[in-house]
Structures are given as C-alpha cells and as structure tokens.
Amino acid sequence: MSENESVGNGKGGIGLLNQFELILDSDPLIDEVGFIHPSQFTALSSELQAKDAILSSKIDKVNVLDHESTSFWNRDHKLGISMHVILPLYTAAKDAFMNAIKGFKRVENLSLEDDSCGFSSLESEVMKHSKALLLLSCDFGTAWNSRKLILSKKQYMPMFIEELLLSALVLSYSPKSEQSWCHRRWVIKMISGKCSTLQEILGKESELVEKIAERSKMNYRAWNHRCWLVGYMTREQVLLELKKSRYWAGLHVADSSCFHYRMRLMLRILEQFCCKQDDESSDHDVEICQMWQEELQWNEELIELYVGREVIFYCYRLCGSIAGSFPYAG
C-alpha cells in the first residue's frame, strides 16, 4: 500500500497523529509551524543532507527527522507539515480530541476525587490531542476552552507558560487568529498577581507583537493585544515602549495601528500623571510635559514628510489638545 493510500484511511490518520504528537513531545522548543507542498520535501532533504555533511559533528539528533519522511519535516525547532496529510491528520486529531473530552467530562461529572477512573490521564489526553488539533485548526473554540477548563483547575504556573508557547506557535502560521490572541490575554489575566516575572512576560509579549507585525502587515488583532497589555505595564515599561515604538512607527507610517498603540501609551502616562500624589516632586510633571512636547514635534516632522497620512494628523491633534492641560506646558 502506498503512503498516499495509507493516509486516506483511519489507520493512516492515527499513525500520522501519533507521529505528529511524538514530534511535538520530543521537541518542546518548536517555535514555528508551516505547511509544505510535497514537492518541497525533496529540496528540504537535499539542503538538510548538505548541512549534515558540513556540520555532522554538531547535529542535534532530537531535531532531525528521518530524511525519507514525506509527511513531516523537523529541524532547528521548525516544523513543516505536508499539505497532502492535513485532512487525514486533522480528522484523526479531531476524533481523538472529541473522544478524550467526552471521557474527561463523563468522569468529571462523577465528582470523583481519586484517580480510580484515570482522571489525570484523561486530562493529559485532552491536553495532548487539543494541542495537535489547534496546530491544524487554530479557531477550534472547543479545544481552546477545554484547555482553559483544565488549567483553571490545575492553577499550575508552568502550564500557563506552556500555553503562551502554544499560542505563539499557532500565531507563527496564523498571525491573525483571534482565538489565539484571546487565549494569551486569558493566560495573562490568570497569572497576574501570582507571577513574579509578569513584567518580563509583558516585555516578551510586546516583542512578539512587533515581530508578527513585521511579517503580517496591518494586523489589527496583534496591535489590539499590545494595547491591552499597557494596562498591566509599570510606568518604566510604558516609557520604554514609547521609546521603542517610535522608531518602528517612523518606518511604518502606513500602519495606523502602531500610532494608535503610541496614543494608548501616551494616555496611560496621562492617567498616571492625573493620579499622582500631591506630595510627589514636580520634576515628574516637567518630564511628562517635555515628553508630550517632543511627541508633538515628532508628529509635525512626520506630517511634513508624509503628506496625507490621516493617522498622523489625528495623533497630532490629540496630543495638542491634551498638551495645554499640563501646568508646565510652554
């Protein structure tokens, strides 16, 4: 029986799913997934063999899949899935997940506190199969919700961090997946106040959005996520983000979402300014006013360089209307 015939039946689909889940389990650092036309596997294998000949002593055995495989390609934490196996693989993953979630809910409804019915193993099955399914169908809401259900019960910090890795993996091939961005926000809400490294996580989230924005132009969902993050940022982080995003915005004036993000940062600074204590030093007031004036001047320069960009005029008008409220505005 040929490979194409074998993947078309149930057995072939299950075999593909087992192989797929084995790859995901053996290489937890996979950070990018893509779908490859079968004709590309020959070129990838040739390139891999050429690299192996040069760097044979440095090959990471875990990240190298059999060169003869025409279903998956795994190297340097990048995973390629052949387009001709997507349908049987998806069907097998969906069936496995639905069976696992049915078994999980059945045992959960019994309210058993012991593991006599294999409750923990059912949780593992749901998490394993839902991960495979979401990497094939990122908007499968039931799979995302099942993971939320188990994570809510576990309240185990490493599992929440793994969810950020999973959703980032999904976003590597579907950068506008609303379900993935929503899942990331849910995770951050769950760990806020409980995680000592939250500010570091927020910094990485912001970097992820910028990285995705570079290759996925006008990605409103990504920038909306970045705007949402501002509410959790410290004053120092807000100022750093304002500084970092200025260079990017200057190079991408057509992407209005970045300017909206900058306005969200500016308004966050204004909120902090309005909520300051009376006994705080006026040096802080002067610093904020200076920053606002610099923003106005920068917007003026962009207006002269890029005539007709409405978002720049919008930001300029907003900054100008607020700047007069500062006591040290000159």
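Residues numbered from 1 in each chain as written. Predicted model: local features only at pLDDT ≥ 70, side-chain atom pairs only at ≥ 80, totals over all residues. Heavy atoms only, no water.

Observations regarding the overall build of the chain
So, point 1. Helix and strand content of the chain: 14 helices and 3 strands.
So, point 2. In the chain, buried positions account for 46% of the 330 residues.
So, point 3. For the chain, contacts bridging at least 24 residues in sequence account for 68% of all contacts bridging at least 6.
So, point 4. In the structure as shown, the chain presents an accessible area of about 17,300 Å², 54% of it carried by carbon and sulfur atoms. (Helix = DSSP H or I, 4+ residues; strand = E, 2+ residues; numbered from the N terminus. Buried < 20%, exposed > 50% of the residue type's maximum accessible area, 1.4 Å probe, protein only. Contact = heavy atoms within 4.5 Å. Areas by Shrake-Rupley, 256 points an atom, 1.4 Å probe, with all protein chains shown as cover.)

Let's talk about the packing of helix 9 (residues 198–215) against helix 10 (residues 220–229)
Each pair of packed helices can be described by the angle between their axes along with the distance between the axes.
So, point 1. Running from N to C, helix 9 and helix 10 cross one another at 160°; their axes reach a closest spacing of 9 Å. With respect to their mutual orientation, helix 9 and helix 10 come out roughly antiparallel. Where helix 9 crosses over helix 10, the two elements pack in a sense that is left-handed. From helix 9, Leu-202, Glu-205, Ser-206, Val-209, Glu-210 and Ala-213 reach across to helix 10, where they touch Ala-222, Trp-223, His-225, Arg-226 and Leu-229.
So, point 2. Considering only residue class, the contact of helix 9 with helix 10 consists of 6 nonpolar, 2 polar and 3 charged. (Axes fitted to C-alpha atoms, helices over the stretch in contact; angles between N-to-C directions. Parallel < 35°, antiparallel > 145°, perpendicular 65-115°, else oblique. Left-handed = near helix turned anticlockwise from the far one by under 90°. Nonpolar A, V, L, I, M, F, W, Y, C, P; charged D, E, K, R; others polar.)

Structural notes on the pattern of salt bridges
So, point 1. Considering all chains together, one arrives at 17 salt bridges under this definition.
So, point 2. Glu-21 is the salt-bridge partner of Lys-128, the closest N and O atoms lying 4.0 Å from each other. Here Glu-21 lies in helix 2 (residues 10–26) and Lys-128 lies in helix 5 (residues 119–134), a separation of 107 residues in the sequence.
So, point 3. Residue class for Lys-128 comes out partly exposed when judged on its relative accessible area of 37%.
So, point 4. Note on Glu-21: relative accessible area 8%, which makes it buried.
So, point 5. Between Glu-32 and Lys-78 there is a salt bridge, and its shortest N-O distance comes to 3.5 Å. Here Glu-32 is found in strand 1 (residues 32–36), whereas its partner Lys-78 is found in strand 3 (residues 78–82), with 46 residues between them in sequence.
So, point 6. Because the salt bridges share partners, they merge into one network encompassing Glu-210, Arg-226, Glu-241 and Lys-244. (Salt bridge = Lys/Arg side-chain N within 4 Å of Asp/Glu carboxyl O.)

Quick notes on the packing of aromatic side chains
So, point 1. Summed over the entire model, instances satisfying the criterion amount to 8 aromatic pairs.
So, point 2. Arranged with centres 5.6 Å apart and planes meeting at 5°, the rings of Phe-20 and Phe-72 form a pair that is stacked. You can see Phe-20 sitting in helix 2 and its partner Phe-72 sitting in strand 2 (residues 72–75), a full 52 residues away along the chain.
So, point 3. Seen in terms of ring centroids, Trp-228 and Tyr-232 are 4.9 Å apart; in terms of plane orientation they differ by 50°. Their pairing is tilted.
So, point 4. Given a relative accessible area of 23%, Trp-228 falls into the partly exposed group.
So, point 5. On the accessibility criterion, Tyr-232 (27% relative accessible area) is partly exposed.
So, point 6. Taken together, Trp-223, Trp-248 and Tyr-261 form an aromatic cluster joined through their ring pairs. (Phe/Tyr/Trp six-rings, centres within 6.5 Å; stacked < 30°, edge-to-face > 60°.)

Topic: helix 10
So, point 1. Of all the positions in helix 10, only Ala-222, Trp-223, His-225, Arg-226, Cys-227 and Leu-229 are classed as buried.
So, point 2. The elements touched by buried residues of helix 10 are helix 8 (178–191), helix 9, helix 11 (235–251) and helix 12 (256–274).

What to know about the confidence of the model for the chain
So, point 1. Residues of the chain with pLDDT of at least 70 account for 81%, and the chain-wide mean is 84.
So, point 2. Per-element mean pLDDT across the chain ranges from 46 in helix 1 (residues 3–8) up to 97 in helix 8.
So, point 3. In the model, residues 1–10 has pLDDT below 50 throughout and makes 14 contacts with residues more than four positions away in sequence or in other chains.
So, point 4. Here residues 57–68 is modelled with pLDDT under 50, and outside its nearest four sequence neighbours on either side it reaches 22 contacts, counting other chains as well. (pLDDT = per-residue confidence, 0-100.)

Overview of the pairing of strand 3
For a regular strand, the rule is simple: side chains alternate between the two faces of the sheet.
So, point 1. Within strand 3, 4 of the 5 residues are buried, which leaves the element mostly enclosed by the surrounding structure.
So, point 2. Of the strand pairs in this sheet, strand 1 and strand 3 are connected by 5 bridges, and their pairing is parallel. Of the residues in strand 3, the one forming a bridge with Ile-36 is Ser-82.
So, point 3. Taken together, the 4 bridges between strand 2 and strand 3 define a ladder with antiparallel strand orientation. By the bridge assignment for strand 3, Asn-74 is matched with Leu-79.
So, point 4. Here strand 2 hands over to strand 3 after 2 residues, with Asp-76 in that stretch at a positive phi of 50°. (Pairing = 2+ DSSP bridges.)

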